[in-house]
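What follows is each chain in one-letter form.
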Amino acid sequence: MLVWFRNNLRTEDNITLARAVEQDAPLIPLFIFDEKRDCGSASRLWLYHALKSFERELFRLGTRLIFLKGDSRIILARLASETGAKALYWDRSYEPYQKEQDQLIQKDLEGWGIRCESFNDTLLFDPAQIRTRQGTPFKVFTAFWNHCTSLPEPMLPVRAPQRLSGPAKWPQSKRLEDFGLRDKARWSNKVEAFWEPGNVDVRKNWRKFLKEKLENYSHDRDRPALEGTSRLSPYLHFGEISVRSIWHEMRQYMVQHRRAGIFREAETFLRQIVWREFAHYFLFHFPETIEHPFRKEFEKFHWKKNSALLCAWRKGKTGYPIVDAGMRELWATGWMHNRVRMIVASFLVKDLLQPWQEGAQWFLETLVDADVANNVFGWQWTAGCGADAAPYFRIFNPILQGEKFDSRGDYVRRWVPELSKLPDRFIHKPWQASPEILAKAGIRLGKDYPDPVVDHHQARNRALFNYARMKK
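In short, a report on the structure. (Residues numbered from 1 in each chain as written. Predicted model: local features only at pLDDT ≥ 70, side-chain atom pairs only at ≥ 80, totals over all residues. Heavy atoms only, no water.)

1. Focus: the packing of aromatic side chains
Under the convention used in this document: For Phe, Tyr and Trp, rings pair up if their centres lie within 6.5 Å, where Trp contributes its six-membered ring, and each pair is then called stacked (planes under 30 degrees apart), edge-to-face (over 60) or tilted (otherwise). Numbering goes from the N terminus for both helices and strands, where a helix is a DSSP run of H or I of at least four residues and a strand is a run of E of at least two. Categorising residues by exposure relies on relative accessible area from a 1.4 Å probe, with only protein chains included: less than 20% of the type maximum marks a residue as buried, more than 50% marks it as exposed, and the intermediate range marks it as partly exposed.
One pass over the full model with this rule turns up 39 aromatic pairs. Between the aromatic rings of W46 and W195, the centroid separation amounts to 5.3 Å while the plane-to-plane angle is 80°, which identifies the pairing as edge-to-face. A residue pair is termed long-range when its members are at least 10 positions apart, and W46 in helix α2 (residues 41–60) and W195 in the loop between α6 (184–194) and α7 (202–212) qualify at 149 residues. Across the pair, W195 and W46 agree in class, each one buried. With centroids separated by 6.1 Å and ring planes inclined at 75°, the aromatic side chains of F138 and F144 adopt a geometry described as edge-to-face. Of the two residues, F138 and F144, both sit in the buried class.

So this is what it looks like as C-alpha cells:
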C-alpha cells in the first residue's frame, strides 16, 4: 500500500497513517516534491527540516520514507505499477492546483483497480461539508465561527502507531538533499538562528505557551516586541503538529482552569485557529481568489505600479520605522509578527498603491509559514477586496500603530538599529525630531535612515480618492 504524505508530516494524530495501518498490509511511505506546488525559498528550507524530522520518526518505527521528485500524477501511476500496490492513501489538500490534481490521480488509479482514499489531516472541519442554511458558502467570519462552534467537536486525536511494516522490496528513492530545498547561502544561516525547524519538541513548546503565555494572550499577541504568540504557524503549515491536538488540548486546559480570564483568552486563541480554517474554507469554495479579488469591482481599482516603491518596501527602507522593522524581521528570520503583517500590508496597498498580489508573492517567497490560503485571504482582507474584508477606508496609520503597539520602540530598535538612540517620542516619526536630537542619536535622515517615501496623510487621501473612483 502506498501512503503519500504532504502537509501531515507527523506520526501522532495522523489519520491517513492510522487508517493505512488498520489495513494490515506492508506500507510504502512516500513524499513527492512537485515543483508546481507553491513553495517559496524560506518555506522550502523549513520543509527540508520537517522532512528530516519525519524521516527520523518513521525510522524509529521500523520503516523509511521514499523521496521522489516530479509530477505527482505521473510518479504515482508509475509507482503503483512498479510495486503492485492495491491502494493509495493520502492527506487531502484543499488548494486549487492540488485539489484538481488529486481528482485526476484518483480517476487514473481507480481505473486500474487501485483503491484510493484521502483524509482530512490538516483542518478541523472538511470545507465541503460546511454550508449556510441556504446551502451557500459562508462569506463572513463571525457566522462561520458561530456555525463551527455549534457543530460536534472535531474528532479526537489518534495515537501514533507503535511499529510499521514495509515491503519485501523497496522502490528506488532519491535523497532529500537532491531536492535543493536548503539554500544555505540565502536562508539557512539566518532562519536557523531564530528557529528550530523540524523541532521534535514542538508539542513541548505548545504546552509551555499554554502554561506561561495564554493568560496574557489578548494583550501580548499584539505587541511585536514580546513573544506573546504561540509561533506555531510553520509547524501547523507542514503538519508537524496536529490542529486537532491543539484544539482539544486547549479545550481541556479550559476545563482544568475554570476562570473567566482563561476562558476569554482561550476563546481569543481558538478564534485565530478558526480564522485559519476560514481562509482554507474560502479558497476551497472560491479558488479564483488565489489571483483575482473576491469583490469583482476591485478589478477596476487603479493601482500605481512603481518598482522603486516596491523595492523600498521589500528592503525595509520606506522611512516608516514600524514598517521597516517588520520587513527586516521578515528578511532576517522568515517570519513576521501578525500585527506587523497587517501594518506592512496596509502600507503597501493603501499608502503605496501597489497591487496586493505583489505583497502576497513576496510573503510566499519569504515566510517560513507561507500558507497559500492564509496568505491570499490575509492580503485580500487588508486590501478590502476579500470576504469579510477590512473596509476600504480603514487605512492603518503606521505612526499611530507603532506608538500603540510598540510604545517604547523596543521592536523598532531591534530591527532598525540605526534608530536605536532616538528618544521614545520620536522612534516612530524620526523626521519630527530636531536636528540636534538627530545629531545626538547619530542619524542623518536621507543617509543613515531614509526619509519617508510618501507622506501618509497625502497617501491616505489618494487611496480614498482611488477607492471612490473605483466605486463609480
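2. Describing the pattern of salt bridges
Should their charged atoms come close, side chains of opposite charge can pair. Applicable threshold: When a carboxyl oxygen of Asp or Glu is within 4 Å of a side-chain nitrogen of Lys or Arg, the pair counts as a salt bridge.
The tally for this structure, following the rule as stated, stands at 24 salt bridges. Residue R175 pairs with D178 through a salt bridge whose shortest N-O separation is 3.2 Å. Accessibility expressed as a relative area gives 38% for D178, which makes it partly exposed. A salt bridge links E249 to R207; its shortest N-O distance comes to 3.7 Å. Here R207 lies in helix α7 and E249 lies in helix α10 (residues 243–256), a separation of 42 residues in the sequence. Since its relative accessible area comes to 38%, R207 is described here as partly exposed. Counted as one network, the salt bridges with shared partners bring together R10, D13, D121 and R244.

3. Let's talk about the nonpolar core
Rules: Nonpolar core, defined: a set of buried Ala, Val, Leu, Ile, Met, Phe, Trp, Tyr and Cys residues in which side-chain atoms within 4.5 Å join the residues together.
With 132 residues, the main nonpolar core has F269 and W313 as its most contacted residues. Listed in part, the 18 residues of the second largest apolar core include L68, A80, I105 and C116.

4. Considering the pairing of strand β2 (residues 28–33)
Heads up, the condition is: Strands are treated as partners if at least two bridges between them are detected by DSSP.
Counting buried residues along β2, 6 of its 6 residues qualify, which places the element largely inside the surrounding structure. Every second residue of β2 is oriented toward a common face, with I28, L30 and I32 on one face and P29, F31 and F33 on the other, all of them buried. Note: strand β1 (residues 2–5) against β2, 4 bridges, orientation parallel. Across the sheet, residue V3 finds its bridge partner in β2, namely P29. As judged from the 4 bridges shared by β2 and strand β3 (residues 66–69), these two strands associate in the parallel manner. Its bridge partner being in β3, L30 is matched across the sheet by I66.

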